[in-house]
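Coordinate analysis (summary)
Letter by letter, the chains look like this.
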Amino acid sequence: PDCVSCHVVGLDREGGFISRKQTAALADVGCESCHGPAAEHVQTLGTVKTLAIDPKKSCAGCHNMDHSPKFEYESYWPKISHGKTWEKKKT
């Protein structure tokens with residue numbers, strides 16, 4: 001129970017993960033885990049952008065000292081940045 005909230009999308013939220021049988025597409029970490037709810041983004045094929053979220057704060061929601069004590073944002077960010085930097089996204 002302590003792990004599942006970070007390893008599924010939308011737990012305890014309307015339209016979110018219920019179970020692997022009922023909502024298999026929401027199992028595991030997905031786009032909305034980091035970027036937040038994005039139904040409108042998906043429905044418009046990406047023409048409506050998701051809100052800009054500070055990635056360091058987003059990561060810290062799950063990667064904290066209790067769950068991920070060896071996590072170092074600076075070394076992991078290049079692996080998940082989608083080829084962009086936060087500074088480029090803000091401008």
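My aim in this report is to walk through the structure given alongside it, one point at a time. Source: prediction; values computed, not measured. (Residues numbered from 1 in each chain as written. Predicted model: local features only at pLDDT ≥ 70, side-chain atom pairs only at ≥ 80, totals over all residues. Heavy atoms only, no water.)

A look at the overall build of the protein chain
Along the protein chain, the regular secondary structure elements total six helices and zero strands. In the protein chain, the order of α-helices and β-strands from amino to carboxyl end is α-α-α-α-α-α. Each of the 91 residues in the protein chain was classed as buried or not, and the buried ones make up 21%. (Helix = DSSP H or I, 4+ residues; strand = E, 2+ residues; numbered from the N terminus. Buried < 20%, exposed > 50% of the residue type's maximum accessible area, 1.4 Å probe, protein only.)

Considerations on the packing of aromatic side chains
Tallied over the entire structure, the rule returns two aromatic pairs. Arranged with centres 4.9 Å apart and planes meeting at 25°, the rings of Phe-71 and Tyr-76 form a pair that is stacked. Their ring planes at 20° and their centres at 5.7 Å tell us that Tyr-73 and Trp-77 sit as a pair that is stacked. One end of the pair, Tyr-73, and the other, Trp-77, are both in helix H5 (residues 73–80), four residues apart, so they sit about a helical turn from each other. Comparing Tyr-73 with Trp-77 shows no difference in burial state: the two are buried. Over the aromatic face of Tyr-76 sits the side chain of Lys-79, whose NZ or CZ is 4.9 Å from the ring centroid. (Phe/Tyr/Trp six-rings, centres within 6.5 Å; stacked < 30°, edge-to-face > 60°. Lys NZ or Arg CZ within 6 Å of the ring centre and 35° of its normal.)

Examining the pattern of salt bridges
Within the structure shown, the criterion is met by two salt bridges. For the salt bridge of Arg-20 with Asp-28, the shortest nitrogen-to-oxygen distance reads 3.4 Å. The exposed category is assigned to Arg-20, whose relative accessible area is 55%. Glu-74 serves as the salt-bridge partner of Lys-56, at 3.2 Å between the closest nitrogen and oxygen. Placement of the pair is Lys-56 in helix H4 (residues 55–60) and Glu-74 in helix H5, with a sequence separation of 18 residues. (Salt bridge = Lys/Arg side-chain N within 4 Å of Asp/Glu carboxyl O.)

Observations regarding unusual backbone geometry
Backbone geometry at Asp-12 places phi at a positive 65°, although glycine is not the residue there. Residue placement: Asp-12 occurs in the loop between helix H1 (4–7) and helix H2 (31–35). A residue is classified by how much of its surface remains accessible, and Asp-12, at 74% relative accessible area, is exposed. For Asp-28, which is not glycine, the phi torsion reads 75° and is therefore positive. Note on placement: Asp-28 falls in the loop between H1 and H2.

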